[in-house]
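Structure assessment
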Amino acid sequence: MRKILFGVIITLIILFTFKYCGDKKQETLLLKESSTLIQEQILNVGKLVVTEGHFSEVFTYKNSKDVFGDLLTAEKKALVVVNAEVTIAYDLSKIEYDIDEVNKTLTITNIPKEELKVHPDLEYYDVQADYLNPFEAKDYNSINTTVKDVLKNKIESSDLKSNAKNRLISELSKFYILTNSLGWTLKYNETPILKREALDTLKL
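Everything in this summary refers to the structure shown in the same document. (Residues numbered from 1 in each chain as written. Predicted model: local features only at pLDDT ≥ 70, side-chain atom pairs only at ≥ 80, totals over all residues. Heavy atoms only, no water.)

**Things to note about the sheet that holds strand S3 (residues 96-100)**
- Strand order in the open sheet formed by four strands is S3-S4-S6-S7, with mixed pairing between adjacent strands. Two strands in the sheet have a free side with no partner beyond their single neighbour: S3 and strand S7 (191-193). Between one strand and the next, the sheet's axes are offset by a mean angle of 25°, whatever the strand orientation.
- Here strand S6 (residues 185-188) runs beside S7; their pairing, made up of three bridges, is antiparallel. Looking at S7, one finds that Tyr-188 is bridged to Thr-191.
- Most of the contacts of helix H3 (residues 160-182) go to strand S4 (residues 105-110), to which it runs at about 160°, and overall it touches S4, S6 and S7. (Pairing = 2+ DSSP bridges. Helix = DSSP H or I, 4+ residues; strand = E, 2+ residues; numbered from the N terminus. Axes fitted to C-alpha atoms, helices over the stretch in contact; angles between N-to-C directions. Contact = heavy atoms within 4.5 Å.)

And the structure:
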């Protein structure tokens, strides 16, 4: 009787051991599958998010030069019409992250800064220049630099940047949806993202 009881106990121990090991293996496989799925999602999102805008401006360029001291002033001027294409882009292939399989956490450690590009098309009208103060390459360079500075200031006060950030947040929300559905936690640096709306308040 004791031998039979001992045999039953040994059999139960072996069965429980196999079941425990099987559960552990299944959990490990699940974690591996989840982390692989998250990495695939990051690769899918890792693209260039671009917001485009168009600006039109009219500038009047003037430049005067004293000749022979104060005896004579040579002037030059031009009317400059500017049509500019502006893009604000986030290269999400440069996003930095850490996957913690043990604690089921995806931590975004760095989001690349936006890349602002201004492509102005300048047309010159009513160009007037004195023989003693002709238009030179430095004048065109100066106009181009001034135009870009003015446009950048206009971009800052427009809704183009906020639109670009909204598109970025829309892409990042895909991480939150995926991690949340898998029972993982999404963090930005040390801050857990516990709800979708928290992404809107991130300081990028």
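**Description of the side chain of Thr-87**
- For Thr-87, the location among the structural elements is in strand S2 (residues 72-91).
- Beyond its immediate sequence surroundings of up to four residues, Thr-87 is in contact with Val-50, Thr-51, Glu-52, Glu-115, Leu-116 and Lys-117.

**Remarks on the pairing of S4**
- With five bridges connecting them, S3 and S4 associate as antiparallel partners. Counted as the bridge partner of Glu-96 is Asn-110 from S4.
- Where S3 hands over to S4, the hairpin turn is made up of four residues, of which Lys-104 adopts a positive phi near 50°.
- The pairing of S4 with S6 spans four bridges and is parallel. Residue pairing in the sheet places Leu-106 in a bridge with Leu-186 of S6.

In short, the description is geometric, and any link to function would need to be established separately.
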